[in-house]
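Coordinate inspection notes
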Amino acid sequence: SMPGVIPAHHRSPFPDYLAVYGTLAYATLSRQCPPDRILLAGPIRYPEIRQEATAPCSRPHGLDSPSEVRILVAGTINKDETIRLLNASAKLARARPEIFLLIKFHYHNPMQSEWARLAEASGCTNFRVCDTRLTTLLEESRAVLLGWSSTGVVVEAITAGCTPVV
């Protein structure tokens, strides 16, 4: 075989068209593949999430105050990670009383009793544990605090106009 030439039996199949996001990816792939088979696409969107009609989050007393900032805390499936997230959130809420935490636990890792003990021990009172749909909570919050194992929520948060903080 000739140097620099990949034998046909070692080549991977290539789709008829390849959609890429971003001009860097487009430029890179266009140098390696026929440019007429590379399509420059915009960002991935989830219109069904954004357009979903959701009821407003049932707000606890005082939540309508303009001085309060709603921050969603999204628990993960990992108990240790969620404990670290809850500890950091309680410290943040104690240091910044204008913040109101909306706590949402992962359905496979409900930690209401652990949070109740932590909140009481830390003196954190500016919170509410929510069973509300995640999309509603994201739309009602300025930011969402989440662990590394829940990064799928990042796309939903961006779509809902909520800043994800991992």
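For the structure, see preceding data.
Here's what I pulled together on the structure shown here. (Residues numbered from 1 in each chain as written. Predicted model: local features only at pLDDT ≥ 70, side-chain atom pairs only at ≥ 80, totals over all residues. Heavy atoms only, no water.)

Moving on, we come to the sheet that holds strand 7 (residues 163-165). Judged by pairing direction, the sheet is parallel, and its five strands sit side by side in the order 5-4-3-6-7 without closing on themselves. Each end of this open sheet is capped by a strand with a single partner; those strands are strand 5 (127-129) and strand 7. Looking at each pair of strands side by side, their axes are set apart by 20° on average, direction ignored. Here strand 3 (residues 69-74) runs beside strand 4 (residues 99-104); their pairing, made up of six bridges, is parallel. Within strand 4, the position partnered with L72 by the bridge is L102. Here helix 3 (residues 79-95) sits on the sheet in contact with strand 3, strand 4 and strand 6 (143-146), set at roughly 160° to strand 4. Packing of helix 4 (residues 112-122) onto the sheet brings it into contact with strand 4 and strand 5, and relative to strand 5 it is tilted by some 165°. (Pairing = 2+ DSSP bridges. Helix = DSSP H or I, 4+ residues; strand = E, 2+ residues; numbered from the N terminus. Axes fitted to C-alpha atoms, helices over the stretch in contact; angles between N-to-C directions. Contact = heavy atoms within 4.5 Å.)

Compared with an ideal rise of 1.5 Å per residue, which puts 17 residues at 24 Å, helix 3 spans 24 Å between its outermost C-alpha atoms and is within 8% of the ideal. For helix 3, the set of buried residues is E81, T82, L85, L86, S89, A90 and A93. The arc that holds every buried residue of helix 3, seen down its axis, measures 165°, which confines them to one face. Among the exposed residues of helix 3, those oriented more than 90 degrees off its buried face are D80, R84, K91 and A95. Of the residues that open helix 3, the one with a side-chain oxygen 3.0 Å from the backbone nitrogen of D80 is N78. (Expected span 1.5 Å × (residues − 1). Buried < 20%, exposed > 50% of the residue type's maximum accessible area, 1.4 Å probe, protein only. Arc of directions from axis to C-beta. Polar contact = N/O pair within 3.5 Å; in protein donor to acceptor, adjacent residues only side chain to side chain.)

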